[in-house]
Amino acid sequence: MSIEKYFCPSPWFHAGIKTSGEYHFCRWVSYNKDIVQRKDPTINEISAIDFFQTTMAEIRLAQVTGNPFPLCKGCYEMEEHGKVSGRQKQLLKIGVDTNNFEKTLRSSPWLPIIVNSIKNNGLLGLTPQDWQVDLGNFCNSACVFCTPKFSSKIATEFKKLAIATETQPAPWCTSDVNVNSFITSLKACKNIQYLHFLGGEPTIIPAFKKILKELVVCGLATSITLGFATNCTIWDEELNTILKGFKGVHLNLSIESLEPINDYVRYPSSIVTVTDIINKWINISKDNKDWLVQIRITPTVLSISKIISLFEFSYQSGVAIEASNFIQEPAFMRPSVLPTEYRIKIIKDLQEWIESKPVTEDNTLVVNTRSPAQAQTQILQDAASYVNYLVNSRDESFRLTELVAYIKKIESNRKNSILDYLPEYELLFKSAGL
Amino acid sequence: MNYFSNLLDSKLLAPVAIKLTPIIGNGVPHAKFRINEIAQFDGPLSSEFVYDAQLSLLSPISIELEMTNKAYCSEKETAIIVSSISVDSIEIIPKFQHCANYVNEKKFSSSTHYLGANGIWSFKIDMPFYIWLHHHTDQGWLLAP
């Protein structure tokens, strides 16, 4: 039992809503198929505030037992490999440093709140300050590691290829009634600090702009920092104007590599267009105080060997790079699917890249990954976490045949070939059935 | 679940160590040294003074050093150096000297731990120490309940 290792304060200030309209308790929940998932109420059944204050009581009680909570597995895994986890980030938001857990928790203004809620069976009278809002899968990209749940383009393709034929439920935000209900809940929240939107591609989802415009009109936007990820294929001047109405903007630019492999992995984007739009976002952020732009990557078995160019770009430009959670699903996309002998060169190249940079005296893990002053240190640490992952994660190369079977199917539709981008993997993929 | 209640009951006392070093080339400076408004030293400071005590890290900590009796001379120096302050073994001075305030008759910069002029040097941690440290080490947002 270890409170220090497993406690997370996130359920005391964070909540979210999934595409289906079902509420959820954390943006970092592990959707690993091996873990039994929760079934929570939806926006049609109860208000967001009721969900947070009442339904989430059991989540809060689970966090204080000192035992691992299965749905939090993703964060535990990140910490195991030296990668900053969602848990660590949320702890820092209440002033808790995992390197000095007890004293910083004692000092946190949230400790009395936590104690009080425990005495009240997990019930809480506060409202969320940090929201994760999933807007559905409407997307113009069909990233090779994505699923119908997060991309309408993939959903269409999978139906055509008979990979997955179930129809995705209409996102909650296609209903004006739901959107208005959610906006009402947001207005009832005291002191929202952060609102993070997820797609699909948020910039082309109508509800995204609708919600943002309403928050600007009602005045809430001036106290909210807005966060979202974009695939850097769309440039929308109207959206940029709306964004300026917010207190701050944290923008994650999704890209996997500066090399051509990005075109394959983030199909059907073009690296030329993507880099042009990335530079536009970087420039616009320089003109706006409290805007933060970061590169967000999702390393997979197909891209892990090509991430150094992006790390170098980030390091030189001072734009922090942060890899998402170690990808869980689809399992055959995990970098750990690479056999050990194929990892050796990647590990060596990453280590050499890290060692080519000036050594910092302070090796403390940078948990505040949004600090521009610590961007370079954070970039090196993120790269190191991938070295650690490749060195220590189990060999899942038994999934190669599943990966290759999948590649063959999608390439039959896309008329491309992974071997044009990763010729060095020809023997590997052919041995798995390519 | 008792962990959290027990933790809330703890006072969080920790060592606070301060070292003052005089320079007496042109006479001995007079020092009045206070911690949380309570005098710890008041007299001629002819040799190093060390303060070492357990304070609660949940309450503000106020450190004040007043130097008087310096006669200014270009060839010989009289001064007091706040050589070190540590709270819970974490270096505060000289690392955070930019947070100090120094009101002095020569209008020397506040960002110092060297009292080269008669005046009052102060350092205030006006919130629980680890919250203060969070703000001053660029740890990002701190949500308020």
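Quick caveat, the model's predicted, so the values are computed rather than measured. (Residues numbered from 1 in each chain as written. Chains lettered and ligands numbered in written order. Predicted model: local features only at pLDDT ≥ 70, side-chain atom pairs only at ≥ 80, totals over all residues. Heavy atoms only, no water.)

1. Things to note about the sheet that holds strand β3 (residues 130-134) of chain A
All names here are of chain A.
- Judged by pairing direction, the sheet is mixed, and its eight strands sit side by side in the order β2-β1-β3-β4-β5-β6-β7-β8 without closing on themselves. If you trace the sheet from one side to the other, it starts and ends with β2 (23-24) and β8 (321-323), each paired once.
- On the sheet, helix α14 (residues 308-317) packs against β7 (291-297) and β8 and is oriented at approximately 165° with respect to β7. (Pairing = 2+ DSSP bridges. Helix = DSSP H or I, 4+ residues; strand = E, 2+ residues; numbered from the N terminus. Contact = heavy atoms within 4.5 Å. Axes fitted to C-alpha atoms, helices over the stretch in contact; angles between N-to-C directions.)

2. A short note on the interface of chain B and chain A
- The interface is formed by 23 residues belonging to chain B together with 38 residues belonging to chain A.
- Carbon and sulfur atoms supply 69% of the area buried between chain B and chain A, which totals about 2800 Å² over both sides.
- Looking only at chain B, the three residues that lose the most surface to chain A are Phe4(B), Trp141(B) and Leu143(B), adding up to 30% of its buried area.
- There are one salt bridge connecting chain B and chain A.
- Taken together, the links from chain B to chain A amount to 12 residue pairs in polar contact (both at pLDDT 80 or more). (Buried area = accessible area lost by both parts, 1.4 Å probe. Salt bridge = Lys/Arg side-chain N within 4 Å of Asp/Glu carboxyl O. Polar contact = N/O pair within 3.5 Å; in protein donor to acceptor, adjacent residues only side chain to side chain.)

3. Focus: the confidence of the model for chain A
- With 99% of its residues at a pLDDT of at least 70, chain A reaches an overall mean of 93.
- Averaged pLDDT values over the elements of chain A bottom out at 79 in β8(A) and peak at 98 in helix α6 (residues 101-107) of chain A. (pLDDT = per-residue confidence, 0-100.)

4. Observations concerning the pattern of salt bridges
Residues and elements named next belong to chain A.
- According to the stated counting rule, one finds 31 salt bridges over all chains in the structure shown.
- Here Lys-280 ties to Asp-276 by a salt bridge, and the two come within 4.0 Å at their closest N and O atoms. With Lys-280 and Asp-276 both in helix α13 (residues 271-286) and four residues apart, this pair spans about one turn of that helix.
- For Lys-280, a relative accessible area of 33% puts it in the partly exposed group.
- It is possible to trace a salt-bridge network through shared partners that takes in Glu-329, Arg-334, Arg-394, Glu-396 and Arg-399. (Buried < 20%, exposed > 50% of the residue type's maximum accessible area, 1.4 Å probe, protein only.)

5. A closer look at the sheet that holds strand β10 (residues 119-125) of chain B
All names here are of chain B.
- With antiparallel pairing, five strands are arranged side by side in an open sheet as β3-β2-β5-β10-β8. At either margin of the open sheet sits one strand with a lone partner, and together these are β3 (38-44) and β8 (101-104). The sheet shows a mean angle of 10° between the axes of neighbouring strands, direction not considered.
- Relative to β10, strand β5 (residues 61-68) runs antiparallel, the two being bridged by seven bridges. Along β10, the bridge assignment pairs Met-67 with Gly-119.

6. Observations regarding the packing of helix α15 (residues 340-355) of chain A against helix α16 (residues 375-392) of chain A
All names here are of chain A.
- Where α15 meets α16, the closest approach of the two axes is 10 Å, and the angle between their N-to-C directions is 155°. Looking at the two axes, α15 sits roughly antiparallel to α16. Helix-helix and strand crossings are classified by hand; for α15 and α16 the assignment is left-handed. On α16, the residues touching Arg-343, Ile-346, Ile-347, Leu-350, Gln-351, Trp-353 and Ile-354 of α15 are Ile-379, Leu-380, Ala-383, Ala-384, Tyr-386, Val-387, Tyr-389, Leu-390 and Val-391.
- In terms of residue class, the contact of α15 with α16 is built from 14 nonpolar, one polar and one charged. (Parallel < 35°, antiparallel > 145°, perpendicular 65-115°, else oblique. Left-handed = near helix turned anticlockwise from the far one by under 90°. Nonpolar A, V, L, I, M, F, W, Y, C, P; charged D, E, K, R; others polar.)

7. What to know about the pairing of β3(B)
All names here are of chain B.
- Pairing analysis gives six bridges linking strand β2 (residues 30-35) to β3, with the strands arranged antiparallel. By the bridge assignment, Lys-32 is partnered in β3 with Asp-42.
- Taking the residues between adjacent antiparallel strands as the criterion, β2 and β3 are bridged by two residues, where Asn-36 takes a positive phi near 50°.

8. Topic: helix α17 (residues 400-414) of chain A
Residue and element names in this part refer to chain A.
- Taking 1.5 Å per residue, 15 residues should reach 21 Å; α17 reaches 20 Å between its end C-alpha atoms and fits that length.
- Of the positions making up α17, those classed as buried are Leu-400, Leu-403, Val-404, Tyr-406, Ile-407, Ile-410, Glu-411 and Arg-414. One side of α17 carries all its buried residues, which in axial view fall inside an arc of 160°.
- If you follow the buried residues of α17, they end up packed against α8 (152-160), α12 (261-265) and α18 (426-431).
- Trailing α17 by a residue or two, Lys-415 shows a phi angle of about 60°, which is positive. (Expected span 1.5 Å × (residues − 1). Arc of directions from axis to C-beta.)

9. What about the packing of aromatic side chains?
- Under the counting rule described, the total for this entry stands at 33 aromatic pairs over all chains.
- Judged by centre distance (5.1 Å) and plane angle (40°), the rings of Phe332(A) and Tyr406(A) are tilted. Taken as a pair, Phe332(A) in the loop between β8 and α15 and Tyr406(A) in helix α17 lie far apart in primary sequence, 74 residues in all. For the pair formed by Phe332(A) and Tyr406(A), the shared burial category is buried.
- Between the aromatic rings of Phe129(B) and Trp132(B), the centroid separation amounts to 6.2 Å while the plane-to-plane angle is 20°, which identifies the pairing as stacked. Of this pair, Phe129(B) and Trp132(B) both sit in helix α2 (residues 129-136), three residues apart, which is roughly one turn of that helix. Both residues of the pair, Phe129(B) and Trp132(B), count as buried.
- Aromatic ring contacts, followed pair by pair, group Phe197(A), Phe208(A), Phe228(A), Trp235(A), Trp281(A) and Trp291(A) into a single cluster.
- Across the ring face of Phe52(A), the terminal group of Arg60(A) is positioned such that the distance to the ring centre comes to 5.3 Å.
- The ring of Tyr194(A) carries the charged tip of Arg370(A) above its face, separated from the ring centre by 4.7 Å. (Phe/Tyr/Trp six-rings, centres within 6.5 Å; stacked < 30°, edge-to-face > 60°. Lys NZ or Arg CZ within 6 Å of the ring centre and 35° of its normal.)

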